[in-house]
Amino acid sequence: DGGITQSPKYLFRKEGQNVTLSCEQNLNHDAMYWYRQDPGQGLRLIYYSQIVNDFQKGDIAEGYSVSREKKESFPLTVTSAQKNPTAFYLCASSSGGGAGGIQYFGAGTRLSVL
Amino acid sequence: GESVGLHLPTLSVQEGDNSIINCAYSNSASDYFIWYKQESGKGPQFIIDIRSNMDKRQGQRVTVLLNKTVKHLSLQIAATQPGDSAVYFCAETNTGFQKLVFGTGTRLLVSP
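Throughout, a residue's number is its position along its own chain's written sequence, starting from 1. Lettering for chains starts from A, numbering for ligands starts from 1, and both go in the order in which the items are written. It should be noted that, the model being predicted, local features are given only for residues of pLDDT at least 70 and side-chain atom pairs only at 80 or more, the latter also being counted only at that level, while totals for whole chains, interfaces and linings use all residues. Note: side-chain values were computed over all heavy atoms of the structure, leaving out hydrogens and water.

## As for the state of the cysteines
Residues and elements named next belong to chain A.
Logical step 1: Note on terminology: disulfide denotes any pair of cysteine sulfur atoms within 2.5 Å. Under the definition given, this model contains two disulfides over all chains.
Logical step 2: Between the sulfur atoms of cysteine 23 and its disulfide partner cysteine 91 the distance amounts to 1.9 Å. Its S-S torsion of approximately -75 degrees makes the covalent link between cysteine 23 and cysteine 91 left-handed. Of this pair, cysteine 23 sits in strand S3 (residues 19-25) while cysteine 91 is found in strand S9 (residues 87-94), placing the two residues 68 residues apart along the sequence. We note that cysteine 23, like cysteine 91, is buried. The way it works is that DSSP assigns letters per residue, a run of H or I at least four long becomes a helix, a run of E at least two long becomes a strand, and they are numbered from the N terminus. Throughout, exposure labels follow a simple rule: accessible area from a 1.4 Å probe, protein chains only, divided by the maximum for the residue type, with under 20% read as buried, over 50% as exposed, and the rest as partly exposed.

In structure tokens:
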């Protein structure tokens, strides 16, 4: 998985609960990304971070939050405000944004609602 | 808004055939393109990339062609194998733009 570790592989959320998905990379990449993938669809960008202590909203940030306190870590919290959280969540990292580097992906976390 | 799309959602081929997966993009400012392969339940894997100053780039059994005139990208896989069965995504971006825009994907099914 290119040095990107996502955990857990499967996660279940109860109604009204916040859950946090972990993403760690040992590639020394500056940029990290979170995507959501629904069945049979492409990837939609939730949040991204180009540098430590800075991050930007992607196309579907509502109901999610992130932090970037360390270069190697970019955890994603799915809050209770996200009413349809069931999806496959993918974390990626790259050496730079845009054309600055290829994004490498983790193995994903599959989130389901109980 | 700008988007990347694919012509065919599913492509079925026989083992040993050559496969061609197409992608249309709409952002004329895009200057960098990537193809990813995603197997079921896994994260996307990088296959090959191409910059807009090139028309063609070859890798191992794969070739990417870029036609900027009609904003079209294709991925050719030679001698397709059952292990090539997956969903293939194209993605676009441009210098200074911090995000990749992904297409919806094409499923490649390879029959033995």
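## Some details on the interface of chain B and chain A
Logical step 1: Between chain B and chain A, the residue contacts involve 23 residues of the former and 24 residues of the latter.
Logical step 2: Buried area counts how much accessible surface, traced with a 1.4 Å probe, disappears from two parts once they are put together, with both parts' losses summed. Interface area for chain B against chain A, summed over the two sides, is near 1700 Å², with a carbon-plus-sulfur share of 59%.
Logical step 3: For the chain B face of the interface with chain A, the top three residues by lost area are Gln98, Lys99 and Phe102 of chain B, together amounting to 34%.
Logical step 4: Here a salt bridge means any side-chain nitrogen of Lys or Arg lying within 4 Å of a carboxyl oxygen belonging to Asp or Glu. Here chain B and chain A share one salt bridge between them.
Logical step 5: A salt bridge links lysine 99 of chain B to aspartate 59 of chain A, with the shortest nitrogen-to-oxygen separation between them at 3.8 Å.
Logical step 6: N or O atoms within 3.5 Å of each other form a polar contact, as long as, within protein, one can give a hydrogen and the other can take it, and as long as residues adjacent in sequence are counted only when both atoms are side-chain atoms. The interface formed by chain B and chain A includes two residue pairs in polar contact (both at pLDDT 80 or more).
Logical step 7: Of all the secondary-structure elements, those providing two or more residues to the side of chain B that touches chain A are strand S4 (32-38), strand S5 (45-51) and strand S9 (86-93) of chain B.
Logical step 8: Classifying every residue of the side of chain B that touches chain A gives nine nonpolar, nine polar and five charged. Whether two residues touch is decided by their heavy atoms; if any such pair falls within 4.5 Å, the residues are in contact. Only Asp, Glu, Lys and Arg are considered charged in this grouping, and only Ala, Val, Leu, Ile, Met, Phe, Trp, Tyr, Cys and Pro are considered nonpolar; every other residue, Gly among them, is considered polar.

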